[in-house]
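Inside the fold
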Amino acid sequence: MARIRLESAGKRYPNGFAALESLSLDIRDKEFVVLLGPSGCGKSTTLNLVAGLEELTSGSLYFDDATMNAVPAHRRDVAMVFQSYALYPHKSVYENIAFGLRMRGHPAGEIEKRVRDAARRLEIEPLLERRPHQLSGGQRQRVALGRALVRQPAVFLMDEPLSNLDAALRIAMRAEIKQLHHTMQTTFVYVTHDQAEALTLADRIVVMRDGVIQQIGSPEAIYDRPRNTFVASFLGNPPINYLEGFLREKENQICFARGALSLILPRQYSERLRGQAGRPVKLGLRAEEVDEHSVPRAGETLHGRVSSVLPVGSDQYLGFEVEGSLLFFRVGRDLRHKEGEHVALSVNVNRAQIFDASTGESLLWDGSA
Amino acid sequence: MKRIFLFCASTVFLVYVLAPVAWLVSSSVQQEAEITSRPPHWIPREPTLENFEAIFAAKEKQVTYETRRQGDPATGGYIPSTARNLVPAMWNSLIVAVAVVILNLVVSVPAAYAMAKIRFVGRSASIYFMLTTRVIPDIALVVPFFFFIHKLGLLDHLGSLVITYLAITVPFGVFILVGYFESLPDELDKAARIDGCSRLQTLLRVYLPLAVPSLVAVVLFTFLTSWNEFLLALMFTQTPASQTMPIIVAAFTSDFTISFSFINAAGVLAVIPPVILAVVFERYIVSGLTAGAVKG
Ligand SMILES: Nc1ncnc2c1ncn2[C@@H]1O[C@H](COP(=O)(O)OP(=O)(O)OP(=O)(O)O)[C@@H](O)[C@H]1O
Ligand SMILES: [Mg+2]
C-alpha cells in the first residue's frame, strides 16, 4: 500500500531527448490510475520511473513519505506487467511466478502456497509445468499477472498489458483486472492508449501528450468536461465532432452560431461565456449527443444532409453535413435515413463543449478535476 | 532432379572437407615407407601405433643426431630430435586455451550485457571501437605486442600468450554476445529487476541460461583460436617450457629429416581436443553461430 508522488519529475534520455519536462502527479493509496495518451507521449517513461527502471534526471519521487529517487528497482516494493509479458523463456510457469518470491527470500512453503493460490485465482493451475512458449497469448497474460500478484506488492504497475490480446479476450481481461484491483487493495498504475480501457478501469485518468499532463480526473470528468480539444478528441468513439463558429448573445441567452445554424447554449454556461460575443470558438459535439425529435426545437436542432450511413450492428454511424462541415454521429439503428436525405437532428446542448478556436482550451473549464 | 544435384554437390563437398582428415588419420598409423607409396594406401597395410608410442615415450629417450643415426626400430630412424617436446607443448596449449576461454567469458559476458542492456554514454562508440581493433591484421600488432610483453617481463612465459590471445578473442566474444543479448527483449531485463534481481543477478539468472548457445559459440571460437595460433606464439616463446603445439609441430618439418607419419600422428593429437569440444557441444553449435544473426 502506498501513495505515489512525482514532483516536477523530469526524464532526459542519454541521447538528449527530454521525454518528460516537469511532471507532477499525486496518486492516492489504493487508487487505480490510468495513464492515457498517444504513442510516444511518455507513459512508459513515467511508469519506468515509478518502477525504478529508469532514473529521474530532475525532480523527486516519493512512496508515502520516503524519497525513492535513488532506490533501485529490486529494492522497491513494486510489481509490473509488461506488454510483451516478458516471461522467462527457460523457466516453467511455476518458476516464472515463483521467481520474484525466491529472489526476495521467501520461505519455500510460503512460495508454494502463494503460487498455487495465484494459479487457482487466474485459472492456470493445469499449466504450471509448461514453458511459456507452450501457452496461448491469453494464458501468457495470466501468467504475467500471476507473477505480479503473488508478490503482493505495494504498487502494481501495468504497461499496456492487454494490447497483444484479441478484442474479446481484452474485454474479459479488463473485468478481471478490475476485480483484481478490488481484491488486492493496492495502488494500481496502468498505462494504455486505449481510451475505452481507461474509461472502464480508472478511478482517475491522467491524459498525457508530449510528456505533459493535459488533464487529471475521473473518467466522467475527463469525458464530460475535457480541458482542451486534445483531451476531448482522445476519448470517445467515433471521436468528438467540431464545428467552428462564433459566440453570440441575444435576449440574455448565449448562442453558438455558424452560418444559418444557431444553438442556444445551456444556462449554466452563461456565467463563463458572458460578454464574449463575437469570439471565434469551436463547438464540440460528442457523436452520441444527437437524436431525432418529432418536433424539432429551435436552438437545439441541426439541419443537414446525410452523406453516409454506416451500420455497426447495435448502432449506426451517420456522416452528416452541416454548414459545410462533415460530422459523424452515432444513432440508434431504428433511425432510417438514406444517403442524400435532408434531416433535422436534435442536439443535447447540455453536453456541448466550447473551446477557444485558436488555442483549443475549453472555455468551460473551471479548474476543478 | 534438384535433389540429385543437391546430393551430388554435398557429397563432393563432404569428400573435399573430409578427405584430408581421413588421410591424416590413416597416414598417422602407417609406416614411413608406406606413406610415400604410390598410389597411396588409404587403408594401411600394416597399421602401427609406433608413431604415437614414440610421441609418448619420447620423453625418456634422448634423441640426438647420434642416437637417431643408430636407427630407432620403432620409427625407422625418423624421430625428430624435438619429439619429446610435443607432449609438454600440448599441455602448454591446453593451459593457454583453457585460461583464455575462462578469462574471455569472465570479461565478455558482463561487457556484452552492459553494452546490450544498459544505456550509458559512449555505448555504441565502445562497441565500434572494439570491433575496429579486429580489422587490424595481427601481423601489424606483433611489434607493439612484443614491446608490451617485454615491458611486462612475460617473454617466454605462457602469460604472454594468454594476454595477447584475450586481446584477439574478447572483441569477438563480446560481439557475438551483444548480438544475442540485444535480440532478447529489454522487457525481460526489466522484469528480472522488478522481480528483485540486481544487475548481476539478472545477468546470471536470466541472461546466461538463455545465452548458452552463444556461449558455446564463443567457447569454441576462443578455444580454437588459442589452440591454433602460431604467429604470436612464435614471437613470444623461445623455449620448450612455454612453446605451444603449433610451434613444436612446425619445428618437426625443419628437423634433420622429415617424418611425415610422425608429423601426421602429431596432427591427429592436435585435432583431438577440438573434436571432443565439438562433440560435447554439438547440439548448440549451429544455433549458436546463427544466434543474433536471426532473431528468434
Ligand atoms: N531509451 C530512450 N532513449 C531516447 N528516447 C527514448 C527512449 N525511450 C523512449 N524515448 C522517447 O521518449 C518518448 C516517450 O517514450 P515512452 O516509451 O514513454 O512512450 P509511450 O507513451 O509509452 O509510447 P507507447 O504508447 O508507444 O508505448 C518517445 O518520444 C520516445 O521516442
Ligand atoms: Mg509505452
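Residues numbered from 1 in each chain as written. Chains lettered and ligands numbered in written order. Predicted model: local features only at pLDDT ≥ 70, side-chain atom pairs only at ≥ 80, totals over all residues. Heavy atoms only, no water.

**Digging into the overall build of chain A**
Under the convention used in this document: Elements are defined by DSSP. Helices are runs of H or I of four residues or more, strands are runs of E of two residues or more, and each kind is numbered from the N terminus. Throughout, a residue-residue contact means that at least one pair of heavy atoms, one from each residue, lies within 4.5 Å. Per-residue and other accessible areas were derived by the Shrake-Rupley procedure at a 1.4 Å probe size, with only the shown protein chains allowed to occlude residues. Positive charges are assigned to Lys and Arg, negative charges to Asp and Glu, while His and the chain termini are left out of the count. The atom standing in for a charge is NZ when the residue is Lys, CZ when it is Arg, CG when it is Asp and CD when it is Glu.
Helix and strand counts for chain A come out as nine helices and 20 strands. If you line up chain A on its principal axes, its C-alpha atoms span 75 × 45 × 35 Å. The long-range share in chain A, meaning contacts at least 24 apart out of those at least 6 apart in sequence, stands at 66%. Working note: accessible area of chain A is about 16200 Å², and carbon and sulfur atoms make up 47% of it. Of note, chain A has its 46 positive side-chain charges centred 3 Å away from the centre of its 45 negative side-chain charges.

**A short note on the domain arrangement of chain A**
Residue and element names in this part refer to chain A. Inclusion rule: Annotation comment: domain bounds sourced from an automatic or database domain assignment. Defined here as a combined quantity, buried area equals the accessible surface (1.4 Å probe) lost by two parts on assembly, summed across both. The working definition used for a salt bridge is a side-chain nitrogen of Lys or Arg within 4 Å of a carboxyl oxygen of Asp or Glu.
Parsing chain A into structural domains produces domain 1 (4–230) and domain 2 (241–356). The gap between the C-alpha centroids of domain 1 and domain 2 is 39 Å. Buried surface at the junction of domain 1 and domain 2, summed over both partners, amounts to about 610 Å²; 44% is from carbon and sulfur atoms. Contact with domain 2 buries area across many residues of domain 1, yet Y223, D224 and T229 alone supply 77% of it, more than any other trio. Between domain 1 and domain 2 we count one salt bridge in total.

**Things to note about the interface of chain B and chain A**
In this assembly, 17 residues from chain B lie in contact with 28 residues from chain A. In this assembly, chain B packs against chain A so that about 2000 Å² is buried in total across both faces, 63% of it on carbon and sulfur atoms. Considering only the surface of chain B that becomes buried against chain A, E187(B), I194(B) and D195(B) emerge as the three largest contributors, covering 36% of it. Put simply, chain B and chain A have one salt bridge between them. With its nearest N and O atoms 3.7 Å apart, the salt bridge here joins D195(B) to R151(A). Of all elements in the fold, only α9 (186–194) and α10 (199–210) of chain B reach the threshold of two or more residues within the side of chain B that touches chain A. Take the side of chain B that touches chain A: its biggest share by element is seven residues, from α9(B).

**Focus: the packing of aromatic side chains**
To be explicit about the condition: Aromatic pairs are defined between Phe, Tyr and Trp rings, using the six-membered ring for Trp, whenever the two ring centres lie within 6.5 Å; interplanar angles under 30 degrees are classed as stacked, those over 60 as edge-to-face, and all others as tilted. Geometrically, a charge over a ring is one whose NZ (Lys) or CZ (Arg) sits within 6 Å of the ring centre while staying within 35 degrees of the ring normal.
Counted according to the given criterion, the structure contains 14 aromatic pairs over all chains. Relative to F181(B), the ring of Y113(B) has its centre 6.4 Å away and its plane inclined at 80°; by these criteria the two rings are edge-to-face. Placement of the pair is Y113(B) in helix α5 (residues 86–117) and F181(B) in helix α8 (residues 158–183), with a sequence separation of 68 residues. The ring of Y242(A) has K282(A) sitting right over it, with the charged end atom 5.4 Å from the ring centre. Over the aromatic face of Y223(A) sits the side chain of R286(A), whose NZ or CZ is 3.9 Å from the ring centroid.

**With respect to the site of ligand 1**
This is how it is decided: Residue proximity to a molecule or strand is established when one non-hydrogen atom of the residue lies within 4 Å of it. Definition of a polar contact: a pair of N or O atoms within 3.5 Å, with one able to donate and the other able to accept a hydrogen when the atoms are protein atoms, and with sequence-neighbouring residues admitted only if both atoms are side-chain atoms.
Around ligand 1, a shell composed of 14 residues is seen, among which S39(A), G40(A), K43(A), S44(A) and T45(A) lie nearest. At the site occupied by ligand 1, nearby residues are drawn from chains A and B. Contact between ligand 1 and T45(A): an oxygen atom at 2.5 Å from a side-chain N or O atom of the residue. Starting from 630 Å² of accessible surface for ligand 1 in isolation, the protein chains cover 70%.

**Describing the domain arrangement of chain B**
All names here are of chain B. Taken domain by domain, chain B holds domain 1 (2–48) and domain 2 (83–289). Centre-to-centre separation of domain 1 and domain 2, based on C-alpha positions: 31 Å. Residue-level contacts link seven residues of domain 1 with 10 residues of domain 2. Of the roughly 610 Å² buried between domain 1 and domain 2, counting both surfaces, carbon and sulfur atoms make up 64%. Three residues, L24, S28 and E32, lead the burial of domain 1 against domain 2; their summed loss comes to 67% of the area buried on that side. On inspection of domain 1 and its partner domain 2, the count reaches zero salt bridges. Between domain 1 and domain 2 we count one residue pair in polar contact (both at pLDDT 80 or more) in total. Those elements giving two or more residues to the side of domain 1 that touches domain 2 turn out to be α1 (2–28) and α2 (32–35). With four residues, the single largest contributor to the side of domain 1 that touches domain 2 is α1.

**Here we look at the sheet that holds strand β11 (residues 241–250) of chain A**
All names here are of chain A. To keep it simple, the criterion reads: Strand pairing is defined by DSSP finding a minimum of two bridges between the two strands. Only C-alpha atoms enter the line fits that serve as axes; for helices the fit covers just the stretch in contact. Angles between N-to-C directions range over 0 to 180 degrees.
On the basis of which strands lie adjacent, the open sheet formed by five strands has the order β13-β12-β11-β14-β20 and antiparallel pairing. Lying at the two open borders of the sheet, with one neighbouring strand each, are β13 (261–264) and β20 (353–356). Strand-to-strand, the axes of this sheet are offset by a mean angle of 40°, without reference to chain direction. As paired elements, strand β14 (residues 280–285) and β20 share four bridges and run antiparallel to each other. For L283, the partnering residue across the bridge sits in β20 and is I354.

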